[in-house]
Amino acid sequence: MSDAKNYSGGCHCGQVRFDVTADLSKVYSCNCSICVKRGALWAFVPPESFALRAGAEALVDYQFNKKVIHHLFCGQCGVGSFSRGIAPSGNEMIAVNVRCVDGVDLPALTLTPVDGKNW
Ligand SMILES: [Zn+2]
(Lines give C-alpha, C1' and ligand atoms only; values in the text may rest on other atoms or scores of the structure.)
Protein backbone atom coordinates (compact mmCIF):
# COMPACT_ATOMS: atom_id res chain seq x y z
CA MET A 1 0.00 0.00 0.00
CA SER A 2 2.57 2.52 -1.14
CA ASP A 3 0.32 5.35 -2.28
CA ALA A 4 -2.77 4.67 -0.19
CA LYS A 5 -4.86 7.72 0.64
CA ASN A 6 -8.16 8.31 2.39
CA TYR A 7 -11.22 8.91 0.25
CA SER A 8 -14.97 9.13 0.61
CA GLY A 9 -17.52 8.06 -1.92
CA GLY A 10 -20.99 6.77 -2.50
CA CYS A 11 -23.93 6.32 -4.81
CA HIS A 12 -25.67 9.02 -6.83
CA CYS A 13 -28.58 9.84 -4.54
CA GLY A 14 -26.38 9.94 -1.45
CA GLN A 15 -28.01 7.18 0.60
CA VAL A 16 -24.93 4.96 0.33
CA ARG A 17 -21.73 6.57 1.66
CA PHE A 18 -18.38 5.04 2.47
CA ASP A 19 -14.84 5.91 3.52
CA VAL A 20 -11.96 3.98 2.01
CA THR A 21 -8.19 3.94 2.13
CA ALA A 22 -6.97 2.96 -1.30
CA ASP A 23 -3.99 3.19 -3.64
CA LEU A 24 -5.44 4.66 -6.85
CA SER A 25 -2.24 4.00 -8.76
CA LYS A 26 -3.70 0.49 -9.14
CA VAL A 27 -7.12 0.78 -10.76
CA TYR A 28 -8.53 -2.13 -12.71
CA SER A 29 -10.72 -2.16 -15.79
CA CYS A 30 -12.38 -5.55 -16.14
CA ASN A 31 -13.82 -7.12 -19.29
CA CYS A 32 -16.28 -9.51 -17.62
CA SER A 33 -19.95 -9.46 -18.59
CA ILE A 34 -21.11 -7.14 -15.81
CA CYS A 35 -18.14 -4.75 -15.73
CA VAL A 36 -18.44 -4.13 -19.47
CA LYS A 37 -22.06 -3.13 -19.10
CA ARG A 38 -21.55 -1.10 -15.94
CA GLY A 39 -18.34 0.63 -16.94
CA ALA A 40 -17.02 0.29 -13.42
CA LEU A 41 -13.36 0.95 -12.57
CA TRP A 42 -12.15 -0.97 -9.56
CA ALA A 43 -9.76 -0.46 -6.68
CA PHE A 44 -9.42 -3.52 -4.43
CA VAL A 45 -8.96 -3.10 -0.70
CA PRO A 46 -9.09 -5.37 2.35
CA PRO A 47 -12.21 -5.02 4.55
CA GLU A 48 -10.29 -3.11 7.23
CA SER A 49 -9.58 -0.34 4.70
CA PHE A 50 -13.28 0.19 3.99
CA ALA A 51 -16.07 1.58 6.15
CA LEU A 52 -19.68 1.82 5.07
CA ARG A 53 -20.92 5.03 6.71
CA ALA A 54 -24.50 5.10 5.50
CA GLY A 55 -26.98 3.19 3.44
CA ALA A 56 -26.52 -0.45 4.47
CA GLU A 57 -30.30 -0.84 4.40
CA ALA A 58 -30.52 0.70 0.90
CA LEU A 59 -28.18 -1.86 -0.69
CA VAL A 60 -29.54 -4.49 -3.02
CA ASP A 61 -27.43 -7.55 -3.76
CA TYR A 62 -26.96 -8.94 -7.24
CA GLN A 63 -25.12 -12.20 -7.87
CA PHE A 64 -24.46 -14.31 -10.93
CA ASN A 65 -22.15 -17.02 -12.26
CA LYS A 66 -20.19 -18.53 -9.37
CA LYS A 67 -21.83 -16.14 -6.91
CA VAL A 68 -18.61 -15.33 -5.11
CA ILE A 69 -19.08 -11.58 -5.56
CA HIS A 70 -21.88 -9.48 -4.11
CA HIS A 71 -22.54 -6.76 -6.67
CA LEU A 72 -24.24 -4.31 -4.33
CA PHE A 73 -26.18 -1.37 -5.66
CA CYS A 74 -28.39 1.36 -4.23
CA GLY A 75 -32.07 0.42 -4.44
CA GLN A 76 -33.05 4.05 -5.00
CA CYS A 77 -30.61 5.39 -7.62
CA GLY A 78 -29.27 2.07 -8.95
CA VAL A 79 -25.61 3.01 -8.67
CA GLY A 80 -23.21 0.25 -7.62
CA SER A 81 -20.47 2.05 -5.72
CA PHE A 82 -18.73 -1.06 -4.31
CA SER A 83 -18.85 -4.84 -4.29
CA ARG A 84 -17.91 -7.47 -1.74
CA GLY A 85 -16.29 -10.75 -2.59
CA ILE A 86 -13.76 -13.44 -1.83
CA ALA A 87 -10.36 -13.05 -3.48
CA PRO A 88 -8.61 -16.07 -5.04
CA SER A 89 -6.48 -16.12 -1.86
CA GLY A 90 -9.64 -16.90 0.12
CA ASN A 91 -9.63 -13.56 1.93
CA GLU A 92 -12.58 -11.22 1.87
CA MET A 93 -12.03 -8.16 -0.29
CA ILE A 94 -13.87 -5.01 -1.20
CA ALA A 95 -13.94 -3.70 -4.75
CA VAL A 96 -14.58 0.02 -4.76
CA ASN A 97 -15.93 1.57 -7.94
CA VAL A 98 -13.47 4.43 -8.42
CA ARG A 99 -16.09 6.27 -10.49
CA CYS A 100 -18.05 6.65 -7.24
CA VAL A 101 -15.15 8.03 -5.20
CA ASP A 102 -15.33 11.77 -4.57
CA GLY A 103 -12.82 14.07 -6.24
CA VAL A 104 -10.97 11.55 -8.40
CA ASP A 105 -9.45 12.83 -11.65
CA LEU A 106 -10.63 9.86 -13.72
CA PRO A 107 -8.83 10.69 -17.00
CA ALA A 108 -5.54 10.88 -15.07
CA LEU A 109 -5.80 7.29 -13.83
CA THR A 110 -3.63 4.55 -15.27
CA LEU A 111 -5.93 1.59 -15.83
CA THR A 112 -4.77 -1.99 -15.47
CA PRO A 113 -6.78 -4.42 -17.60
CA VAL A 114 -8.25 -7.50 -15.92
CA ASP A 115 -9.32 -10.45 -18.03
CA GLY A 116 -12.36 -11.23 -15.89
CA LYS A 117 -14.21 -12.62 -18.90
CA ASN A 118 -11.94 -15.68 -18.86
CA TRP A 119 -11.85 -16.36 -15.13
ZN1 LIG B 1 -28.40 5.87 -4.27
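Everything below is about the structure printed above this text.
Residues numbered from 1 in each chain as written. Predicted model: local features only at pLDDT ≥ 70, side-chain atom pairs only at ≥ 80, totals over all residues. Heavy atoms only, no water.

Trainee: Describe the sheet that holds strand S9 (residues 92-97), and please don't skip the residues or the numbers.
Mentor: The strand order across the open sheet formed by 7 strands is S6-S7-S8-S9-S4-S3-S10, and the pairing between neighbours is mixed. Of all strands in the sheet, those with a lone pairing partner are strand S6 (59-62) and strand S10 (111-114), marking the two edges. Between one strand axis and the next, the sheet turns by 35 degrees as a mean value, whatever way the strands run. Inspection of the sheet shows strand S3 (residues 27-30) paired to S10 by 4 bridges, in the parallel sense. Note on S10: the bridge partner recorded for tyrosine 28 is threonine 112. (Pairing = 2+ DSSP bridges. Helix = DSSP H or I, 4+ residues; strand = E, 2+ residues; numbered from the N terminus. Axes fitted to C-alpha atoms, helices over the stretch in contact; angles between N-to-C directions.)

Trainee: Report on the packing of aromatic side chains, specifying residues and quantitative values.
Mentor: For the structure shown, the criterion picks out 5 aromatic pairs. Ring geometry for phenylalanine 18 against phenylalanine 82: centres 6.1 Å apart, planes inclined by 70 degrees, an arrangement best described as edge-to-face. Of this pair, phenylalanine 18 sits in strand S2 (residues 17-22) while phenylalanine 82 sits in strand S8 (residues 82-86), and the two are 64 residues apart along the sequence. Overall, the relative accessible area of 1% leaves phenylalanine 18 in the buried class. (Phe/Tyr/Trp six-rings, centres within 6.5 Å; stacked < 30°, edge-to-face > 60°. Buried < 20%, exposed > 50% of the residue type's maximum accessible area, 1.4 Å probe, protein only.)

Trainee: Break down unusual backbone geometry for me, with residues and values.
Mentor: Positioned with a positive phi, asparagine 65 is a non-glycine residue whose angle comes to about 55 degrees. Residue classification places asparagine 65 among the exposed residues on the basis of a relative accessible area of 62%. Phi at lysine 67 is positive, roughly 60 degrees, even though this residue is not glycine. Its location among the elements puts lysine 67 in the loop between S6 and strand S7 (69-74).

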